[in-house]
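Descriptive analysis of the structure
Here's the letter readout for the chains.
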Amino acid sequence: MAAATSHHTIVSIQSHRWNGKNSSMEKRAANVRLVSVASCSSGTRKLGLVSASGSTSSVIDPVRLPSNGKGDHTPKKSSESTLILIRHGESMWNEKNLFTGCVDVPLTPTGVEEAIEAGKRICNIPIDVIFTSAMIRSQMTAMLAMMQHRRKKVPIITHKESEQPHSWSQIYSEDTREQSVPVITAWQLNERMYGELQGLNKKETAERFGKEQVHEWRRSYDIPPPNGESLAMCADRAVTYFKDEVVPQLIAGKHVMVAAHANSLRSIIMHLDKLTSQEVISLELSTGIPMLYIFKEGEFIRRGSPAGPSEASVYAYTKNLAQYRQKLDSMVQ
Ligand SMILES: O=C(O)[C@H](O)COP(=O)(O)O
């Protein structure tokens, strides 16, 4: 995978599949496009931590940089942080070839294996905070992957969805907190709502409505399935959440993993890679394959899917990742 160039280069992508091997996207991406990310909303919030005295605040609040008055946020320092995106492993309705959307089904044993395999691929990459959707298949994937991480930190769901469970889940030890990774669940990262297709068999639906019509519902940008969300409608919530909650963490130098779904992630990758509504039609994400981006000075550099825990190409041109891995090696001795 060629290093990212310093100037904006157009990636000529015909078809892209993140399948974790030498995906067609990686083959074609002779140069990688540097994309700028829209600044996040204004306002300053401190990083919330439970104080030694045990007075409660949130384990971690999204960090927002002080606005410079012009409504945009220039990063305080040129930190290099990593973003890992991963679609959940195979679910029980993926196995039955049913449209799932916002129906909350668990992983299959294969999906569990995929999540563990994904964890092995990213076990040397730093992760400070995890975002998942509100659905069990993405949460199971994140937890299983983190079990493989060599840092052995404990992923802890922060339950920020409402005050009571959040306030009752506080941690009253600095050391223990240091050994944990906050997991923030967000409905905005849920799979696109598939409307009247949810629960239907994909093959039977194509026979009933025609392959082209079903492909249009599944892959187009602005055509929704019957009483469901189009990818554009899904992007309205998922990309907005990404900009408002994930990007501030990256700007603060935090390393982030987002475990979500085929279409909520397609909308985010469309944003990161500045794909057109035509290009996104051919964007497919396999289950359980981690995708790595480097975030540097407000821009995202795509680094491909780590195929192994110490794959050279992933760490090439990312000095910090190589140093982190060496530190892990010395710790684990
Ligand atoms: O919701 C579903 O059925 C799957 O997660 C993704 O569906 P798709 O492959 O039709 O986008």
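Conventions adopted
Residues numbered from 1 in each chain as written. Predicted model: local features only at pLDDT ≥ 70, side-chain atom pairs only at ≥ 80, totals over all residues. Heavy atoms only, no water. UniProt positions renumbered as here; feature names shortened; annotations may be inferred. Helix = DSSP H or I, 4+ residues; strand = E, 2+ residues; numbered from the N terminus. Buried < 20%, exposed > 50% of the residue type's maximum accessible area, 1.4 Å probe, protein only. Contact = heavy atoms within 4.5 Å. Areas by Shrake-Rupley, 256 points an atom, 1.4 Å probe, with all protein chains shown as cover. Near = heavy atom within 4 Å. Polar contact = N/O pair within 3.5 Å; in protein donor to acceptor, adjacent residues only side chain to side chain. Nonpolar A, V, L, I, M, F, W, Y, C, P; charged D, E, K, R; others polar. Salt bridge = Lys/Arg side-chain N within 4 Å of Asp/Glu carboxyl O. Disulfide = S-S within 2.5 Å. Axes fitted to C-alpha atoms, helices over the stretch in contact; angles between N-to-C directions. Parallel < 35°, antiparallel > 145°, perpendicular 65-115°, else oblique. Core = buried A, V, L, I, M, F, W, Y, C linked by side-chain atoms within 4.5 Å.

As named in an unreviewed UniProt entry, the protein chain is phosphoglycerate mutase (2,3-diphosphoglycerate-dependent), taken from Lolium multiflorum. Annotation of the protein chain in UniProt includes, under Sequence similarities (unreviewed entry), the sentence "Belongs to the phosphoglycerate mutase family. BPG-dependent PGAM subfamily."

A count of helical and extended segments in the protein chain gives 12 helices and 10 strands. Expressed as a percentage of its 333 residues, the buried residues of the protein chain come to 52%. Within the protein chain, contacts between residues at least 6 apart in sequence are counted, and of these 74% link residues at least 24 apart. Surface exposure of the protein chain reaches about 14600 Å², of which carbon and sulfur atoms provide 53%.

Time to look at the site of the ligand. The full set of residues close to the ligand is Arg87, Leu98, Phe99, Thr100, Gly101, Glu191, Tyr194, Lys202, Arg218, Arg219, Ala262 and Asn263. One nitrogen or oxygen atom from the side chain of Tyr194 is found 2.8 Å from an oxygen atom belonging to the ligand. Taking Lys202, its side chain carries an N or O atom lying 3.3 Å from an oxygen atom of the ligand. Protein contact buries 97% of the 310 Å² of open area that the ligand shows by itself. Counting residues per element, the ones that place at least two in the shell around the ligand are α8 (211-219) and α10 (262-272). Here the shell around the ligand is built from residues that sort into 4 nonpolar, 3 polar and 5 charged.

This brings us to the pattern of salt bridges. Applying the stated criterion across every chain, the model contains 8 salt bridges. In this structure, Asp329 engages Arg150 in a salt bridge whose closest nitrogen and oxygen atoms are separated by 2.8 Å. Placement of the pair is Asp329 in helix α12 (residues 319-332) and Arg150 in the loop between α4 (136-146) and β5 (154-157), with a sequence separation of 179 residues. Given a relative accessible area of 28%, Asp329 falls into the partly exposed group.

Across all of its chains, the model carries 0 disulfides by this definition. Residue Cys102 stays outside any disulfide, its sulfur separated by 8.1 Å from that of Cys234, the closest cysteine.

Before going further, it helps to examine the UniProt feature "active site" (unreviewed entry) in the protein chain. Annotation from UniProt places "active site" (unreviewed entry) at His88 and Glu191. Judged by maximum C-alpha separation, these annotated positions cover 104 residues in sequence but sit close together in space, the widest gap being only 10.4 Å. Here His88 is to be found in the loop between β3 (80-87) and α2 (92-95). When near neighbours in sequence (up to four residues on either side) are disregarded, His88 contacts Asn94, Leu107, Arg137, Ser138, Thr141, Ala260, His261, Thr287 and Gly288. For Glu191, the position within the fold is in the loop between β6 (180-185) and α7 (202-209).

Right, let's talk about the packing of α7 against α8 for a bit. As a packed pair, α7 and α8 sit with axes 6 Å apart at the nearest point and diverge in direction by 125°. What the angle tells us is that α7 and α8 run oblique. Contacts between α7 and α8 involve Lys202, Thr205, Ala206 and Phe209 from the former and Lys211, Gln213, Val214, Trp217 and Arg218 from the latter. When its residues are assigned to classes, the contact of α7 with α8 shows 4 nonpolar, 2 polar and 3 charged.

What follows deals with the nonpolar core. In terms of nonpolar packing, the biggest core is built from 33 residues, with Leu83, Leu85, Phe131, Val258, Ile268 and Phe300 touching the most fellow members. Those elements that place two or more of their residues in this core are β3, β4 (129-132), α9 (231-251), β7 (256-260), α10, β8 (283-285) and β9 (290-296). At 10 residues, α9 tops the list of elements feeding residues into this core. Apart from residues no more than four positions distant in its own chain, Val258 is found in contact with Leu83, Ile84, Leu85, Ile86, Phe131, Leu189, Val246 and Leu265. Counting residues in hydrophobic clusters, the runner-up holds 17 residues, among them Ile84, Ile86, Ile130 and Leu321.

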